Amino acid sequence: LMTLLVFSCTEFVEFESTTLGPGPTITLSLVSTQDSTFTVSVTSNADGYASVILLPGSGNVVPDDPEDLLTGNIASLAYQTQMVTANQAANFTFEGLVQWALYEVQSAANNGDGKISEVKTLTIGTDDNHGPVLSATDPGIGYAPSLLIGGPVTLVFDEMVVYDDS
């Protein structure tokens, strides 16, 4: 009871939050693109961490809270993060992509004080410089001089192929 009386008479100093300043500024740029891979770079003006996510298509919703992107709490095709040094580009490579397709990369970074940047977005299209390769047929390929076919023939390629009969 005595302790309660002592603390009830004690005057506590009011807490004032410390302003840590703005979050870092980042740039997101394309380094290179090929048929099924591309590399982007993130440059931050502060030491900290940078994260990128890969999304299909373009015009995806930018997260309301950049921390969700930074921590990978957003549904995406791929998520990568790495420590970054101020004003030095950090490269992120995405592989195994569909040729001749659009993708969107979103990125955010933080600084040593935990302040988070705004989300940056970049739309990238993969190339299609290599022709398709026949990988299978149905019915299977045989060594007979002629093959009796009584139905459809299916050709399977290593990438999507559009048939134009016009």
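Here, the structure is the one placed above.
Read on for an overview of the structure. (Residues numbered from 1 in each chain as written. Predicted model: local features only at pLDDT ≥ 70, side-chain atom pairs only at ≥ 80, totals over all residues. Heavy atoms only, no water.)

## Describing the overall build of the chain
- Helix and strand counts for the chain stand at 2 helices and 9 strands.
- Reading the chain from its N terminus to its C terminus gives the helix and strand order α-β-β-β-α-β-β-β-β-β-β.
- The buried share among the 166 residues of the chain stands at 27%.
- Within the chain, counting contacts between residues at least 6 apart in sequence, those at least 24 apart form 65% of the total. (Helix = DSSP H or I, 4+ residues; strand = E, 2+ residues; numbered from the N terminus. Buried < 20%, exposed > 50% of the residue type's maximum accessible area, 1.4 Å probe, protein only. Contact = heavy atoms within 4.5 Å.)

## Focus on a negative patch on the surface
- There is a patch of like negative charges on the surface, built from D64, D65, E67 and D68.
- As for its position among the elements, D64 is in the loop between β3 (48-56) and α2 (66-70). (Patch = residues over 30% accessible without salt bridge, like charges linked within 9 Å, V, L, I, M, F, W, Y side chains within 5 Å. Areas by Shrake-Rupley, 256 points an atom, 1.4 Å probe, with all protein chains shown as cover. Salt bridge = Lys/Arg side-chain N within 4 Å of Asp/Glu carboxyl O. Lys, Arg positive; Asp, Glu negative; His and termini not counted. Charge placed at Lys NZ, Arg CZ, Asp CG, Glu CD.)

## Structural notes on the side chain of N111
- Considering the arrangement of structural elements, one finds N111 in the loop between β6 (102-109) and β7 (120-125).
- Classification of N111 by relative accessible area gives buried; the value is 13%.
- A polar contact is formed between the side chain of N111 and the backbone nitrogen of K115, at a distance of 3.0 Å.
- Leave out the neighbours within four places in its chain, and N111 touches P22, G23, P24, A46, D47 and G48. (Polar contact = N/O pair within 3.5 Å; in protein donor to acceptor, adjacent residues only side chain to side chain.)

## Some thoughts on the environment of V31
- You can see V31 is positioned in strand β1 (residues 26-33).
- For the pair V31 and V42, spaced 11 residues apart in sequence, the C-alpha to C-alpha distance is 10.0 Å.
- For V31, the contacting residues outside a window of four places in its chain are T39, V40, S41 and N91.

## Quick look at the pairing of β1
- Alignment of β1 against strand β2 (residues 37-44), held across 7 bridges, turns out to be antiparallel. Bridging across to β2, S32 finds its partner in T39.
- Hairpin remark: β1 followed by β2, antiparallel, with 3 residues in the connecting loop. (Pairing = 2+ DSSP bridges.)

## Quick word on the sheet that holds β1
- In spatial order, the strands read β1-β2-β5; together these 3 strands make up an open sheet with antiparallel pairing. Each of the sheet's edge strands pairs with one partner strand only, and the pair in question is β1 and β5 (90-95). Direction aside, the axes of adjacent strands within the sheet are offset by 25 degrees on average. (Axes fitted to C-alpha atoms, helices over the stretch in contact; angles between N-to-C directions.)

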